[in-house]
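Understanding the architecture of this molecule
Spelled out, the chains give:
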Amino acid sequence: MNTVIGQGKADLHNHTTASDGLLSPAQLVRFAAIKGLKAIAITDHDTTEGIDEGLRAGQFYKIKVIPGIELNTQLDSVEIHLLGYFINWNSEYLQKILFKMRDIRKNRAKKMVEKLVNLYGFDISYEEVLKEAKEGAVARPHIARVLISKGIVKDMSEAFEKYIGTDCPAYVGRYHLTPKEGIELIEICGGVPVLAHPGLITVPGIAEMMLDQGIKGIEAYHSKHTQEQAEYYSELAKKSGLLITGGTDCHGELFDGMPIIGDVSVGMDAVEELKHLSRQK
Ligand code: AMP
Ligand code: FE
Ligand code: FE
Ligand code: ZN
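Residues numbered from 1 in each chain as written. Chains lettered and ligands numbered in written order. Predicted model: local features only at pLDDT ≥ 70, side-chain atom pairs only at ≥ 80, totals over all residues. Heavy atoms only, no water.

**Structural notes on the coordination of the zinc ion (ligand 4)**
To be explicit about the condition: Only nitrogen, oxygen and sulfur atoms qualify as donors, and only when within 2.8 Å of the metal (3.2 Å in the case of Na, K and Ca); with water excluded, sites may look incomplete. Working rule for geometry: tetrahedral if four donors all subtend angles between 85 and 135 degrees; square planar for four, octahedral for six, if opposite donors exceed 155 degrees and the others stay between 65 and 115; irregular in every other situation. Only runs of H or I of at least four residues qualify as helices and only runs of E of at least two qualify as strands under DSSP, and these elements are numbered from the N terminus.
Within the protein, the zinc ion (ligand 4) binds to H13 (NE2), H15 (NE2), E70 (OE) and D249 (OD); these donor distances fall in the range 2.1 to 2.3 Å. Classification of the site at the zinc ion (ligand 4) as irregular follows from its 4 donor atoms and the range of 79 to 172° in their angles at the metal. Linear spacing of the donor residues for the zinc ion (ligand 4) on their chain is H-x1-H-x54-E-x178-D. The metal-metal distance between the zinc ion (ligand 4) and the iron ion (ligand 2) is 4.7 Å. Separated by 179 residues along the polypeptide, E70 in strand β3 (residues 64-75) and D249 in the loop between β7 (243-247) and β8 (266-267) bring together distant segments of the chain.

**A word on the coordination of the iron ion (ligand 3)**
Note the threshold: A simple rule labels every residue: compare its accessible area, found with a 1.4 Å probe on the protein chains alone, to the largest value its type can have, and call it buried under 20%, exposed over 50%, or partly exposed in between.
In this structure, E70 (OE), H81 (ND1) and H197 (NE2) serve as the protein donors to the iron ion (ligand 3), at separations of 2.0 to 2.2 Å. Taken in sequence order, the residues that donate to the iron ion (ligand 3) follow the motif E-x10-H-x115-H. Metal-to-metal, the separation of the iron ion (ligand 3) and the iron ion (ligand 2) is 5.9 Å. Placement of the pair is E70 in strand β3 and H197 in the loop between β5 (192-195) and α8 (206-209), with a sequence separation of 127 residues. Here E70 and H197 have matching classes, each one buried.

**Quick look at the domain arrangement of the protein chain**
For clarity, the cut-off: Throughout the structure description, domain borders are defined by an automatic or database domain assignment. In what follows, residue pairs with any heavy atoms lying within 4.5 Å of each other are defined as contacts. Criterion for a salt bridge: a side-chain nitrogen of Lys or Arg within 4 Å of a carboxyl oxygen of Asp or Glu. Polar contacts here mean pairs of N or O atoms no more than 3.5 Å apart (in protein, one a potential hydrogen donor and the other a potential acceptor; neighbouring residues in sequence count only if both atoms are side-chain atoms). When residues are sorted by character, Ala, Val, Leu, Ile, Met, Phe, Trp, Tyr, Cys and Pro go into the nonpolar class, Asp, Glu, Lys and Arg into the charged class, and all the rest, Gly among them, into the polar class.
Per the domain assignment, the segments making up the protein chain are domain 1 (10-92 + 177-277) and domain 2 (97-164). For domain 1 versus domain 2, the separation of C-alpha centres amounts to 24 Å. Facing the 17 residues of domain 1 at the interface are 14 residues of domain 2. Counting across the interface, domain 1 meets domain 2 through 1 salt bridge. A salt bridge links D46 to R105; the shortest N-O distance between them is 2.9 Å. The tally of links from domain 1 across to domain 2 stands at 5 residue pairs in polar contact (both at pLDDT 80 or more). Classifying every residue of the side of domain 1 that touches domain 2 by side-chain character gives 6 nonpolar, 6 polar and 5 charged.

**Structural notes on the site of ligand 1**
Basically, it comes down to this: Near residues are defined by distance, with any heavy atom within 4 Å of the molecule or strand qualifying the residue. All accessible areas in this document rest on Shrake-Rupley with a 1.4 Å probe, and a residue is counted as covered only by the protein chains that are shown.
For ligand 1, the full set of nearby residues is D20, H45, N72, R105, R108, A139, R140, P141, M156, F160, R174 and H251. One nitrogen or oxygen atom from the side chain of R174 is found 3.3 Å from an oxygen atom belonging to ligand 1. Contacts to ligand 1 include H251, whose side-chain N or O atom sits 3.0 Å from an oxygen atom. When ligand 1 sits alone it has 500 Å² of accessible area, and the protein chains cover 74% of it.

**Some remarks on the environment of I244**
Residue placement: I244 occurs in strand β7. Note: C-alpha distance between I244 and D44 (200 residues apart in sequence) is 20 Å. Each residue touching I244, except ones within four places of it in the same chain, is listed here: I218, A220, Y221, S234, A237, K238 and A270.

**Observations regarding the pattern of salt bridges**
Oppositely charged side chains can form a pair if their charged atoms are brought close together. Per the counting criterion, the structure on display carries 7 salt bridges. Close ionic contact of R174 with D46 constitutes a salt bridge, the shortest N to O distance being 3.8 Å. With R174 in the loop between α6 (156-164) and α7 (179-188) and D46 in the loop between β2 (39-42) and α2 (51-61), this residue pair connects regions lying 128 residues apart in the sequence. A relative accessible area of 2% places D46 in the buried class. Across the pair K216 and E187 runs a salt bridge whose closest N-O atoms are separated by 2.6 Å. Here K216, found in the loop between α8 and β6 (217-222), pairs with E187, found in helix α7; they are 29 residues apart in sequence, far enough to count as distant. Using a relative accessible area of 30% as the deciding quantity, one classes K216 as partly exposed.

**A look at the packing of helix α3 (residues 92-120) against helix α5 (residues 140-149)**
Here is the rule we go by: Axis definition: a line fit to C-alpha positions, over the contact stretch in the case of helices; interaxial angles, taken between N-to-C directions, run 0 to 180 degrees. Each helix crossing is assigned a hand: it is left-handed if the near helix lies turned anticlockwise from the far helix by less than a right angle, otherwise right-handed if that turn is clockwise.
For the pair α3 and α5, the least separation of the axes is 10 Å and the interaxial angle reads 35°. You can see that α3 and α5 cross each other, and the crossing is right-handed. Contact residues: α3 offers R108, A109, M112 and L116, while α5 offers R140, I143 and L147. Here the contact of α3 with α5 is composed, by residue class, of 5 nonpolar, no polar and 2 charged.

Following this line, the structure appears as structure tokens:
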């Protein structure tokens, strides 16, 4: 963990019920307060619907809430996730594209449910998946949660390993922005593009290839990075003149009553630098 003790900590990667997280924005911020964080970013997939509630909760709990987003982009068949910080989430241009992305997600979820029913005879429906997603952007974890609730799989990992992972029979791809388009979109709405969890990119060398594509930072610290990966990507960021960021990628699961938010963090200096690079002065 990269922590600056005494100067406040920030967890810059979190999901809420606006996408595939289990905690509402207000619940997430409340847990951030319990964990003693000074700032968090709300980075839902393809949606900014959690930001307003998060900001209100931030005022209440005295936590700085950074308006953000996570865009899952694709280059050929390789997924490259981008985080956008200090975005102008009210941008009409942004909202138009996000609406389209969420619509594509719905159609894709419907197709995946059809495959799960036709290939395996599972008793699940698209309506149940939509209900699981509530008002949020539909993502594969919502399908997994329906499979869990029906006793078809025991947990999320089993759902991804057997049925809905990228190489599984019931997987259906969806339209993705390219990394270049994702970076441009974040910049158009005044935000700062950061390469998310490079250690999870399945093809070696891709993170290095992204260095001169317009990203401003690298998420070197992430709950699924090893110590070696954290060190390697911090060094890579430093060498390339990019910011080092980090966060848990909290999706709200509770362990002994607590989510992982704050278990990976960076100092408030990273927040200041991100803000400085954004158009939100
Ligand atoms: P989607 O955007 O609908 O393709 O779903 C991607 C989301 O599924 C990611 O943001 C993660 O939250 C989750 N996910 C992807 N792979 C796994 C996995 N192997 N185990 C658990 N969750 C996963
Ligand atoms: Fe997710
Ligand atoms: Fe991601
Ligand atoms: Zn994420």
